[in-house]
Amino acid sequence: MAEQAATGSFFYLVGGDPGHTATTLRETAVWRAIVAAWTEGAALAGSSAGAMAIGEWTLIRDRFKGDHRRLYRPALGLLPRIAVLPHFETFGHRWAASAAERTPVEGTILLGIDERSAAYWDGRSWTARGPGSVTVIEGERPTVSPSGSPLALPPPGGACRRRATRATAGWAAPPPTTPPAPRGARPPPPPGAAPAAP
């Protein structure tokens, strides 16, 4: 599976169980291949639990289904100091108080992302995108940013800082500027050259 991931051009981590997603991928050859492909231009996106998994920490239920209190667990670590709160305007905001009380280290950032919205990294800076808002909670200062507003967030971690990234009710990255050719397809001719015969 890692060999397939190494040649991928778009990776989308979907919703589900936020603890399971991070635990399943963390420190695996597949995750290393995804990150390597992303640094080379592949798109990377996450929504809901998939977005939570991309942070330094993910948040899981404290005790039982429906419990709004959350506990921190190590995630995939692509977003340093960040724990993502997806679906922020509908139910994710209910997790903020307990998450803020239990931060694992000083400087932890809670990133609340409304549904159908995104925190977007363009390779230089973060921007809020979509019809909703992005809320950055660091300490006791929540900052609500509508679409188009800059976000005060650290760049994606490690060697991954070069590539663009987006978080939708979670997190993600746009595809490279030139989309890859389908497998088995001939590369396009250089500008001004006649196309090759089939």
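Every value quoted in this text rests on a predicted model; they were computed, and no experiment measured them.

## Description of the packing of aromatic side chains
- Using the criterion set out here, one finds 4 aromatic pairs in the structure.
- When the ring of Phe10 is compared with that of Tyr12, the centres are 6.3 Å apart and the planes differ by 15°; the resulting orientation is stacked.
- Ring centres of Trp57 and Tyr72 lie 6.1 Å apart, and the angle between their planes is 90°; on these two criteria the pair is classed as edge-to-face. You can see Trp57 sitting in strand β3 (residues 55-61) and its partner Tyr72 sitting in strand β4 (residues 70-74), a full 15 residues away along the chain.
- Note on Trp57: relative accessible area 10%, which makes it buried.
- A cation sits over an aromatic face here: Arg129 above Tyr120, 4.1 Å from the ring centre.

## A few points about unusual backbone geometry
- Even without being glycine, His87 reaches a positive phi, approximately 50°.
- Tracing the backbone shows His87 in the loop between β5 (79-86) and α5 (96-101).
- Positive phi outside glycine occurs at Arg116, with the angle close to 60°.
- If you trace the backbone, Arg116 turns up in the loop between β6 (109-113) and β7 (118-121).

## Re the nonpolar core
- Core analysis: the biggest nonpolar cluster contains 47 residues, and Trp31, Val84, Leu111, Leu151 and Leu153 have the highest contact counts within it.
- At 7 residues, the largest contribution of residues to this core is made by helix α3 (residues 29-39).

## Focus on the environment of Leu78
- Checked against the element boundaries, Leu78 lands in the loop between β4 and β5.
- Leu78 sits in the buried class, given a relative accessible area of 4%.
- Leu78 sits 22 residues away from Glu56 along the chain, and the two C-alpha atoms are 6.3 Å apart.

## Quick notes on the pairing of β3
- Note that β3 and β5 share 2 bridges and pair parallel. If you follow Trp57 over to β5, its bridge partner there is Ala83.
- In this structure, β3 lies alongside β4, joined through 5 bridges in antiparallel fashion. What sits directly across from Trp57, in β4, is Pro74.

## Remarks on the sheet that holds strand β10 (residues 141-146)
- Read across the sheet, 6 strands follow the order β4-β3-β5-β6-β9-β10 without closing on themselves; strand pairing throughout is mixed. If you trace the sheet from one side to the other, it starts and ends with β4 and β10, each paired once. Adjacent strand axes in the sheet meet at a mean angle of 30° when their direction is disregarded.
- Contacts between helix α2 (residues 18-25) and the sheet are confined to β3 and β4, with β3 contributing the most and set at about 135° to the helix.

## Points about the environment of Glu138
- Along the chain, the position of Glu138 falls in strand β9 (residues 133-138).
- For the pair Glu138 and Ala100, spaced 38 residues apart in the sequence, the C-alpha separation amounts to 8.4 Å.
- Those residues in contact with Glu138, other than ones at most four positions away along the chain, are Arg81, Gly107, Thr108 and Ile109.
- Within the local environment of Glu138, its side chain forms a polar contact with the side chain of Arg81, the two groups lying 2.7 Å apart.

The rules behind these values
- Residues numbered from 1 in each chain as written.
- Predicted model: local features only at pLDDT ≥ 70, side-chain atom pairs only at ≥ 80, totals over all residues.
- Heavy atoms only, no water.
- Phe/Tyr/Trp six-rings, centres within 6.5 Å; stacked < 30°, edge-to-face > 60°.
- Helix = DSSP H or I, 4+ residues; strand = E, 2+ residues; numbered from the N terminus.
- Buried < 20%, exposed > 50% of the residue type's maximum accessible area, 1.4 Å probe, protein only.
- Lys NZ or Arg CZ within 6 Å of the ring centre and 35° of its normal.
- Core = buried A, V, L, I, M, F, W, Y, C linked by side-chain atoms within 4.5 Å.
- Pairing = 2+ DSSP bridges.
- Axes fitted to C-alpha atoms, helices over the stretch in contact; angles between N-to-C directions.
- Contact = heavy atoms within 4.5 Å.
- Polar contact = N/O pair within 3.5 Å; in protein donor to acceptor, adjacent residues only side chain to side chain.

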